[in-house]
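Geometric and topological summary
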Amino acid sequence: MTDQVYLGFTHAELEQKNAVWTAKEISQQPMLWQVLSEIFAQRKTQLDSWLAPILAEPALRIIMTGAGTSAYIGEALQPHLQKYMPLSPGQRVEAVSTTDILSNPDMYLQSEVPTLLVSYGRSGNSPESKAAVQLTNQLVDKCWHLVVSCNAQGALAKACEGNNRYQLLLMPDEAHDQSFAMTSSFTCMMLSTLMLFAPDQQQFERMLTLSSGILREDVSAISQLAELAVERLVFLGAGPLQAIAREAALKVLELTAGQLPSFYETPLGFRHGPKSLINPATQVVLLPSANPYTSRYDTDLRLELEKDAQALDIGVPLPMSEIRELEDAWLGFPYILYCQILGFFKALKYGISPDNPCPTGEVNRVVQGVTLYPFTRD
């Protein structure tokens, strides 16, 4: 690690800024995605064999769940999987956060519907994740669990041992981020889901090329963009990219310890009130869709904001000429990489440690302080 340069900084420079892990974990993502691809090639037969009888359930409900960043994985992928998975008319894919399941289990879990719970967790130790698995077992008559995690020693991973209703999909060791904010853990768990349920080698290779190009060519420009003196940062994306915009807003909020308020919306939804955010100290990052139809609405809003001339800056991570023919679920990878880098440099601008932006402990790497209550149906 000591000989490497990450995001334009030497190891010594990053140590001074307490930013080594965040910079490394952002930068390593394309490499980890390739490693993950190789892991899938080796496990494909075994994973397909486990999934086959589950996916044969005619009324199967697939719930992708997690908390915070882990919840946004399901939100980013649900529209894509519902469209591209070979589902029967009675099957459906949903994204429901563990925090929603925990607070209102009887509203989200249906006892008579066969359910595959896909649980995402960097550590696999968050109280909500463990509780969501337990509640599903308690309330759903016929259920299975796919655990997607970065920690072989976590509670979710351990629950898979010796139980054929559970399957562990473990990320490469390096994806178990040591920094406060999830970066490579988020993208690896998201990529593993695409590879499992809707693989597309051509899309993967194009995504990899675009992401590597951002790290190779755009870091300096992103660092300059981060120097803008702004009071608010807004991320906009439609369809699967709304969840990427949401994750981007969370990354900035986390990495700047809340000092830079950040928001997200869809381009069409932005006009319905949230556009009130715009002032001369607002920075807007638009995540345009590669879909020709959807992109018309992205372009209309960008032109409207430019005509209004109220925002300090309106930018896009990649030009339309580069993103054509890429599905939005795959486009989310270079987009979130770009936004992670922006959040990293915003933290440095505020003099905040990206590795530990909240050293006083009010917010923790693994959530603490959650009291779990037993649930009974009336």
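Here, the structure is the one placed above.
Residues numbered from 1 in each chain as written. Predicted model: local features only at pLDDT ≥ 70, side-chain atom pairs only at ≥ 80, totals over all residues. Heavy atoms only, no water.

**Points about unusual backbone geometry**
Unusually for a residue other than glycine, N18 sits at a positive phi of about 50°. On the basis of relative accessibility, which here comes to 39%, the residue N18 falls in the partly exposed class. The backbone of E325 sits at a positive phi, close to 75°, despite the residue not being glycine. (Buried < 20%, exposed > 50% of the residue type's maximum accessible area, 1.4 Å probe, protein only.)

**Structural notes on the state of the cysteines**
Simply put, the disulfide is a covalent bond whose two ends are the sulfur atoms of two cysteines. Throughout the structure, instances matching the rule amount to 0 disulfides. Note on C160: no disulfide assigned, nearest cysteine sulfur contributed by C143 at a separation of 13 Å. On the basis of relative accessibility, which here comes to 12%, the residue C160 falls in the buried class. Not engaged in a disulfide, the cysteine C339 finds its nearest cysteine sulfur in C188; these two sulfurs lie 18 Å apart. (Disulfide = S-S within 2.5 Å.)

**Focus on helix α3 (residues 29-55)**
If you check α3, its first and last C-alpha atoms are just 30 Å apart, much less than what 27 residues at 1.5 Å a residue would give, namely 39 Å. Turning to α3, its buried residues number three or more, namely Q29, P30, L32, W33, L36, S37, F40, L47, W50, L51 and I54. (Helix = DSSP H or I, 4+ residues; strand = E, 2+ residues; numbered from the N terminus. Expected span 1.5 Å × (residues − 1).)

**Here's the deal with the sheet that holds strand β8 (residues 232-237)**
With parallel pairing, 4 strands are arranged side by side in an open sheet as β9-β8-β10-β11. The open sheet terminates on both sides in strands that have one partner only, identified here as β9 (262-265) and β11 (313-315). Across this sheet, the average inter-strand angle for adjacent strands is 15°, counted without regard to direction. Across 3 bridges, strand β10 (residues 282-287) lies against β11 in parallel orientation. Looking at the pairing, V284 lines up with I314 of β11. (Pairing = 2+ DSSP bridges. Axes fitted to C-alpha atoms, helices over the stretch in contact; angles between N-to-C directions.)

**Here's the deal with the sheet that holds strand β6 (residues 143-149)**
Read across the open sheet, the 5 strands follow the order β4-β3-β5-β6-β7; overall the sheet is parallel. Pairing within the sheet leaves two strands with one partner each, and these edge strands are β4 (92-95) and β7 (166-170). On average, each strand axis in the sheet is inclined to that of its neighbour by 15°, with strand direction left out of account. Bridge analysis of strand β3 (residues 61-65) against strand β5 (residues 115-121) gives 5 bridges, and the strand direction is parallel. In the sheet register, I63 faces β5, and the bridge partner there is L117. Here α3 sits on the sheet and contacts β3, β5, β6 and β7; the angle it forms with β7, its principal contact strand, is near 150°. (Contact = heavy atoms within 4.5 Å.)

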